[in-house]
Amino acid sequence: MGRKYAISLCGILMPFMLKAQTVGDTLSFDLQKAVEINAHFQQRYRAEADYSQFQRDSLGTFEAIGLTADAVLAQAEGLYVRNYGGHGGIKTISVRGFASQQTQLSINGVPYRQGQSNIINFGNFQAGAFSDMQLYRSGGGLGANPLGGQINFGLNPQKSGILLHMGIGSFGEEAAGIQSTLKRNHTSLQVGLQHIGAQDAYPFELNGESGTREHADFQNQQYQFFLQQKLRKGMSLSYLAMAYQLAQQVPGPVLTGRPVNKEGELAESDLFHYLRWQYQQSLREGKFPIRWESTLSHHFNQLDYEISSQNQLYELHDGMWSVQAEQVRIRHRFLATGQYEYARLAGNNLAIAFRPVEQVSRGQANLGLQHQWHRPWGDQGRRLATGSTLRLNFLQAYGLLPNAAFQLNMRWREGKESFFHLHYGHRIPSFNELYYFGYGNADLKPERVFSGDLGFLWRFRLGIPFSLKISSFLNQTRDKIISIPINPARWSTLSIGRAQAYGLEVAIEAKWKDWLNAYFHYTLQQAQDLTRPERPFLPYTPPELMNYGLGLKRANWQMKLQGNYSSWRFALLQNGRQSYLPPYQLLNFSLAYLLSWNKLHVQIYGEIENLADERYVVIQSYPMPPRSFRMGLRLKY
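Notes on the structure in this doc start here. Bear in mind that the values here come from a model prediction, so they are computed numbers and not experimental data.

**Some details on the overall build of the protein chain**
Reasoning step 1: A tally of regular secondary structure across the protein chain gives three helices and 37 strands.
Reasoning step 2: Residues counted as buried form 56% of the 637 residues belonging to the protein chain.
Reasoning step 3: Pairs at least 24 apart in sequence give 63% of the contacts found in the protein chain among residues at least 6 apart.
Reasoning step 4: Per element, the accessible surface of the protein chain, about 27,300 Å² overall, is 58% carbon and sulfur.

**Re the pattern of salt bridges**
Reasoning step 1: Scanning all chains against the criterion turns up 18 salt bridges.
Reasoning step 2: Across the salt bridge formed by Arg427 and Glu447, the nearest N and O atoms sit 2.9 Å from each other. Of this pair, Arg427 sits in strand S26 (residues 416–427) while Glu447 sits in strand S27 (residues 447–461), placing them 20 residues apart in sequence. Here the two residues Arg427 and Glu447 agree in accessibility, since each one is buried.
Reasoning step 3: Measuring nitrogen to oxygen at the nearest pair gives 3.3 Å for the salt bridge that ties Arg615 to Asp613.
Reasoning step 4: On the accessibility criterion, Arg615 (34% relative accessible area) is partly exposed.
Reasoning step 5: Given the relative accessible area of 24%, Asp613 is considered partly exposed.

**Focus: the nonpolar core**
Generally speaking, soluble globular proteins have nonpolar side chains that are buried together.
Reasoning step 1: Counting residues in hydrophobic clusters, the biggest one holds 35 residues, and the most contacted among them are Phe125, Met133 and Phe153.
Reasoning step 2: Breaking this core down by element, the ones donating at least two residues are helix H2 (69–73), strand S2 (79–83), strand S3 (91–95), strand S4 (104–107), strand S6 (132–136), strand S7 (150–154), strand S14 (235–248) and strand S17 (266–284).
Reasoning step 3: It is S14 that provides the largest number of residues to this core, a total of four residues.
Reasoning step 4: The contact partners of Phe125, leaving out residues within four places of it in the chain, are Thr68, Ala69, Leu105, Tyr112, Ile120, Phe130, Phe153, Gln222 and Tyr244.
Reasoning step 5: Formed by 17 residues, the second largest nonpolar core is a distinct cluster that contains Tyr540, Leu545, Ile619 and Met624.

**Let's talk about the packing of aromatic side chains**
Reasoning step 1: What the rule picks out here adds up to 21 aromatic pairs.
Reasoning step 2: Between Trp557 and Tyr593 the ring centres are 4.7 Å apart and the planes differ by 50°, which places this aromatic pair in the tilted class. You can see Trp557 sitting in strand S32 (residues 557–566) and its partner Tyr593 sitting in strand S35 (residues 584–597), a full 36 residues away along the chain.
Reasoning step 3: Among the residues examined, Trp557 registers a relative accessible area of 46% and is labelled partly exposed.
Reasoning step 4: The class of Tyr593 is partly exposed, set by a relative accessible area of 29%.

**Considerations on the sheet that holds S6**
Reasoning step 1: Reading across from one edge, S1-S6-S7-S4-S5 is the order of the five strands in this open sheet, with mixed pairing throughout. Only two strands of the sheet have a single neighbouring strand rather than two, namely strand S1 (51–55) and strand S5 (110–111).
Reasoning step 2: Across five bridges, the pairing between S1 and S6 is antiparallel. For Tyr51, the partnering residue across the bridge sits in S6 and is Tyr136.

**Overview of the environment of Thr103**
Reasoning step 1: Relative to the helices and strands, Thr103 is located in the loop between S3 and S4.
Reasoning step 2: In this structure, Thr103 is in contact with Ile93, Val95, Gly148, Gly149, Gln150 and Ile151, ignoring residues within four places of it in sequence.

**Topic: the side chain of Gln179**
Reasoning step 1: Tracing the backbone through its elements, the reader meets Gln179 in strand S9 (residues 173–184).
Reasoning step 2: Under the relative-accessibility criterion, Gln179 is labelled buried at 4%.
Reasoning step 3: A distance of 2.6 Å separates a polar atom in the side chain of Gln179 from a polar atom in the side chain of Arg56.
Reasoning step 4: Among the polar contacts made by the side chain of Gln179, one reaches the main-chain carbonyl oxygen of Ala129 at a distance of 3.5 Å.

**Points about empty space enclosed by the protein**
Reasoning step 1: Following the criterion strictly, the structure yields 14 cavities of 30 Å³ or more and no others.
Reasoning step 2: Considered as a void within the structure, the largest cavity measures approximately 800 Å³ in volume.
Reasoning step 3: Lining the largest cavity we find 42 residues, and of these Asp70, Asn83, Leu586, Glu609 and Tyr616 sit closest to its centre.
Reasoning step 4: Contributing elements (two or more residues each) for the lining of the largest cavity: H2, S2, strand S31 (544–554), S32, S35 and strand S37 (628–636).
Reasoning step 5: Per-element accounting of the lining of the largest cavity gives the leading share, five residues, to S32.
Reasoning step 6: When the residues that make up the lining of the largest cavity are grouped by side-chain class, the tally is 21 nonpolar, 15 polar and six charged.

**Points about the pairing of strand S13 (residues 218–232)**
Consecutive side chains along a regular strand alternate between the two faces of the sheet.
Reasoning step 1: Pairing between strand S10 (residues 187–198) and S13: 12 bridges, direction antiparallel. Opposite His195, over in S13, you have Gln221 as the bridge partner.
Reasoning step 2: By the bridge criterion, 13 bridges tie S13 to S14 in an arrangement that is antiparallel. Paired with Gln219 across the strands is Ala247, a residue of S14.
Reasoning step 3: Where S13 folds back on S14, the antiparallel hairpin that results is connected by two residues, among which Gly234 adopts a positive phi of roughly 80°.

Rules used in this analysis
- Per chain, residues are indexed from 1 in the order of the written sequence.
- Per-residue local features are limited, in this predicted model, to residues with pLDDT of at least 70; the limit for side-chain atom pairs, both in listing and counting, is 80 or more; totals at the level of whole chains, interfaces and linings are taken over all residues.
- As a rule here, side-chain values cover all heavy atoms of the structure and leave hydrogens and water aside.
- Helix numbers and strand numbers start at the N terminus; a helix is a DSSP run of H or I with at least 4 residues, a strand a run of E with at least 2.
- In this scheme, a residue with accessible area under 20% of its type's maximum is buried, one over 50% is exposed, and one in between is partly exposed, where area comes from a 1.4 Å probe on protein chains only.
- By definition, residues are in contact when any of their heavy atoms lie within 4.5 Å.
- For the accessible areas, the method is Shrake-Rupley and the probe is 1.4 Å, while residue cover comes only from the protein chains on display.
- In what follows, salt bridge is the name for a side-chain nitrogen of Lys or Arg lying within 4 Å of a carboxyl oxygen of Asp or Glu.
- We call a set of buried Ala, Val, Leu, Ile, Met, Phe, Trp, Tyr and Cys residues a nonpolar core when their side-chain atoms join them within 4.5 Å.
- Stacked, edge-to-face and tilted labels apply to pairs of Phe, Tyr and Trp rings (six-membered ring for Trp) whose centres lie within 6.5 Å, assigned for plane angles under 30 degrees, over 60, and everything in between, in that order.
- One bridge is not enough; two strands pair if DSSP finds at least two bridges between them.
- Counted as a polar contact is a pair of N or O atoms within 3.5 Å, where, for protein atoms, one must be capable of donating a hydrogen and the other of accepting one, and residues adjacent in sequence contribute only when both atoms are in side chains.
- For cavity detection a 1 Å grid was placed over the protein atoms alone, and a set of points counts as a cavity when a 1.4 Å probe fits there but cannot get out; an open set counts as a pocket when protein lies on both sides within 12 Å along at least five of seven lines, with lining residues being those that have an atom within 4 Å of a point.
- Grid points are joined across faces, edges and corners, and a volume is the space filled by probe spheres set on the points.
- Asp, Glu, Lys and Arg are counted as charged, while Ala, Val, Leu, Ile, Met, Phe, Trp, Tyr, Cys and Pro are counted as nonpolar; the rest, among them Gly, fall into the polar class.

So this is what it looks like as C-alpha cells:
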C-alpha cells in the first residue's frame, strides 16, 4: 500500500512549475474594466439566509472546540453529527433528516466523491487545513447533486506567514500542524501538514456494564498543497492537492461489556487533487462579460485491513472533468455546465451472492443550465432575485435522470430577507450499497427526492446587533436507501418506498464588535417511513436538536462555551424498546491567552470536552468518551 500511495502522492510535487490564480468567495464586476476572477460558480447562487459559514481567525482556529471538521460543522442549525466515538470512530453528517449519503462535500467548489460508500467521514479532515467552511442546507446545484445540502471546504491563501500548532490531550491524544503561505505579486503558494494521534482507550458505562473500550491506536497525517497564479489579464490557473494517510485498530461496538474488535490494523490512503483553468473575457467593449472554467480532478482512495484471509479491501479511482461557462447581462446570469465522471472500484471483498466481483466501474455524464435574475426596486435596499436550474444526468445502468431547482429571494429592506426553494433530484446507489458482501443489495433503485423550504431572516438591535432566522422544510424521498443494523456488529441495506421528513429551524445570533459572539440554534423535525401504517421514525433522526455557544474576548483573554443537545431517537426501523436511545446534552469549554511580540503571536489554550461527564451513545453499542482535556499552543508569524 505504501508504494502505491507514494506514487500517487507524487502528483503533489509535479505541478510546482505551474502558475495559478486563487479562487475566492465573492464576485465583483466593473463593466468598464476587466472582470476580476475571485469566485467559484457553485458558491454564489444562494440566498444569504440559506447557508452557515465558519471562518477561522488570524491564528487559524474556528469558533469550535475540537480538532476535526465535524466539530466546526456541529455548530450549524439543522445538522446532526452521527459519531461512533473518539478518534478513529466514523463521524458523518445528517442535514434536515436526510441520510449522510445525501449531503455533498466539495473542496474549493470541486465535488469530493466517495463512490465506494457515498459516506464522507468528516473525522478524517482536520480543521486546521482549511480557511473556511460553508453549509448549504437546501438542495440544488450544477456540478454536484446535493439532495440533502452541500458542505464546502475552502482553502484560499490570503497573506504570507507561518501557522504552527502543538497540543496534547486525554487518552494519549497528540496533535501538531504547520502551514506556510507565500504570496508574491500574482503568485501564491501554500503547503501544510497536520497530525493527530491517540491511543483512545477510555472507560465506558453501557446498559449496566462497564469497562474500557479497546483503543484505536489512531494516527492521521494530512497534507495540503495549493499553487495559484494569474497567468495574464483575465486568465488564471490553479492546482490543489489534499491527502491523508491514517492507521488504526478498528474500535468496534461493545456487547455485554466487551468490545468487538478483530485483530489487525486498518490503514487508509486518500489523495484528492484538481487542476482548474479560468478565463474571463468581454463580448463587446467591456460589456457582457463571460467566464470560462475547466476543471480536471482525480480522487484515489485505498483501504487495507491486515487480517489473515484478505488484505486490501478496495482501491477507488474517481476522475471528473467539467467545463462551465457563465455570461452576465447586468441583471441576468446564465451558467452552462458539462461534466463527465468515471469511477472504478477494485477489491476482493465485493460479491453478489456467490458471483465474485473483482472490479466494478461506472461512468456518468451530465449537462446543466442555470439562470439567475435580480432586480432592485424602491429604496431601503429592496431587491427581488430568482434562480432556476435544470440538469440532466445520464448513466448507462439507469438511463436519463433529471435534476431541477428553483429559488426565490426577496429583500424587503436592509436586514430583512425571505427565501423559498424547490428541488427535485436523485442519488444513485453506491458500490457498497449494491455489492458489498453481506451488506449490499443489487436490486436497489436510485433515490428520487423532492424538497422545499421557506424562511425569513431579520437583523435588528437590542442594544447589540441580533439576527433571527426562522425556516421550515419538507423532504420527500422515493426508494429511500437506508442502512439497518441486523445486530450491533453487522448492517445491511434496504429500500423504503416513500419516506418524509419535515421540520422547523430557529436561529438567533448576536455579535458585538470583536468581544462578544453568541448563538442559539433549535431544530424540530420528524422523519418517517410512510409505507407502513404505523409510520415509524427513521433510524438515527432525533426529533429535536439544539446547539448554542457563547464566546467572550477581553484584552488578551478568550473564553468559549459550547453546548449540543440531541433528543431521543431509535436505532432500528422497528421502533421498539430495544432500539430506543436516550437523549443527551454536551457542554464544552475553552480558555486561551494571547502573547504578542512584533510579528510573532503565541496563543496558549486549554479545552474541556464533555464538561459534565455525560455517559451517552450516538450510535447504538458505540459508547462515547467521558470528560476529556486538551491543552496546547498556536503560533503565528
